[in-house]
Amino acid sequence: MKNTLLIGLAAASLLPPLAISSGTPVNLTPPLGLPPIYIPADNPLTQEKIDLGRQLFMDRRLSHNNVMSCAMCHVPEQAFTSHELGTAIGLQGRSLRRNSPTIINVGYQRSLFHEGRELHLEDQIWSPLLAKNEMDMPSVGYVVEKVKMLPEYKGRFEATFGGEATAQRLGFALASYQRSMISGNSRFDRWYYGGEKNALNAGERRGFEVFRGKARCIVCHTVGEKYALFTDHKFYNTGHGWLRSMAPEKASYRVQVAPGEFVEVGSQHLDPFEKPLPDVGRYEVTLDPKDRWAYKTPSLRNVAITAPYMHDGGFPTLETVVDFYNKGGIDNPDKTPLIVPLNLTQAEKTDLVAFLKTLTGDNIEQLTADARKARENYPIVKQDASDHYMESIGDSRP
């Protein structure tokens, strides 16, 4: 049985020979405030892989209808997230249930997606590529064949990996590009780790004392002696997800109709529309009831430029997030005991938000400009990838 499974996976291009890298090695020097980033032994970083991954990231043809690219939910000019809506819009306007997290510093994450369902950056790409409400590709093999037939990729995989495009090599290239997107040396870093006394003003310094003291943010958004990822990589039920799922039906709902524009709509008028997708968080991975509505602690780096917040984009500003935690979240049977009322004063909340705004890295504009080196719009190949493959093999097989 095991051998049969391995043969089947290999036939689907999921288990090709290890992707041998040839090219220009890249050594990522971590900026102030960040540790060395983990690079998998089977996917060493090269400039060629980064460049290829960037092109794939921006290419709209990686969606079934040649419209959606990775960059349309992770918008470079919006710190590689999406500011306009709480949850991004997928292929042909289909609803998504989660906020688009920034991919800046994603290489430091121990698990991926809000509930941590993926463990390796090299494998992460297949979830959005194959999801019916995201990029809607029919299958892994279809994606591989489509990339092979696109003229802009002729010879690129051979030059980068020493062989043709495969599922593994697609993942390796995209992971390499995303892993290269490191941002640190924030004003906080220069003050806390660099000894630059004037990098933070008095209010921001008071905000840090609130952060690691009365507000207890540091319990989950950790700060180390030599670096700070501002996450413990764990999962918690704060009550926000529970409320979205379990709250009784209301007479009306606040509905977003455009960026920054909301209207109150009676519940009876919403019946014909698509219902919110169910979401029970980490439970979907572990099937452990204690993980219901638990979501991953996000990093707070660049938090000032990655609104809206929470797994569903439910909070538009840092002030609303602070207010939520100040009141102790939302009580429910599985709420983490770490979330309790804080009794912060208005001055303390103001200082805390001011501190959070000091966590923006110093190279955000550079990362944006780098992403835009790649094109989004290429000529669309008329022939379907599946038909192209069937014609290419012809009668060469029984």
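Residues numbered from 1 in each chain as written. Predicted model: local features only at pLDDT ≥ 70, side-chain atom pairs only at ≥ 80, totals over all residues. Heavy atoms only, no water.

Q: Tell me what's going on with the pairing of strand β2 (residues 252–258), and back it up with residues and numbers.
A: A regular strand places its side chains on the two faces of the sheet in alternate fashion. As paired strands, β2 and strand β3 (residues 261–266) are joined by 6 bridges and run antiparallel to one another. Bridge pairing in β3 places R254 opposite E264. Count of turn residues in the β2/β3 antiparallel hairpin: 2 residues, of which G260 carries a positive phi of about 80°. (Pairing = 2+ DSSP bridges. Helix = DSSP H or I, 4+ residues; strand = E, 2+ residues; numbered from the N terminus.)

Q: Tell me what's going on with the pattern of salt bridges, and back it up with residues and numbers.
A: Summed over all chains, the structure comprises 31 salt bridges. Residues R179 and E122 are paired through a salt bridge, measuring 2.8 Å at the closest nitrogen-oxygen approach. Of the two residues, R179 sits in helix α7 (residues 167–179) while E122 sits in helix α3 (residues 121–124), which places them 57 residues apart along the sequence. An identical accessibility class is assigned to R179 and E122; each is buried. Its salt-bridge partner being D136, residue K132 comes within 2.7 Å of it at the nearest N-O pair. Classification of K132 by relative accessible area gives exposed; the value is 55%. (Salt bridge = Lys/Arg side-chain N within 4 Å of Asp/Glu carboxyl O. Buried < 20%, exposed > 50% of the residue type's maximum accessible area, 1.4 Å probe, protein only.)

Q: Residue-level account of helix α13 (residues 318–326), with values.
A: The complete set of buried residues in α13 reads L318, V321, V322, F324 and N326. On its buried face, α13 is in contact with α10 (240–246) and α14 (346–356). Of the residues flanking the end of α13, it is G328, one or two places downstream, whose phi is positive at about 90°. (Contact = heavy atoms within 4.5 Å.)

Q: If you had to explain unusual backbone geometry to someone new, which residues and values would you point to?
A: Here the residue pair A307 and P308 is connected by a cis peptide bond, since its omega of -5° sits within 30 degrees of zero. Here P308 lies in the loop between β4 (295–296) and α13. Its identity is not glycine, yet A79 carries a phi of approximately 60°, on the positive side. By the secondary structure assignment, A79 is in the loop between α2 (47–58) and α3. With relative accessibility at 3%, the residue A79 sits in the buried group. Phi at F113 takes a positive value of approximately 75°, unusual for a residue other than glycine.

Q: Can you explain helix α15 (residues 364–371)? Please cite residues and give values.
A: Residues of α15 that are buried include every one of I364, L367, T368, D370 and A371, and no others. Projection of α15 onto a plane perpendicular to its axis shows the buried side chains occupying an angular sector of 160°, all on one side. Residues of α15 that are exposed and point over 90 degrees away from its buried face: E365 and Q366. Those residues of α15 hidden inside the fold are in contact with α2 and α7. (Arc of directions from axis to C-beta.)

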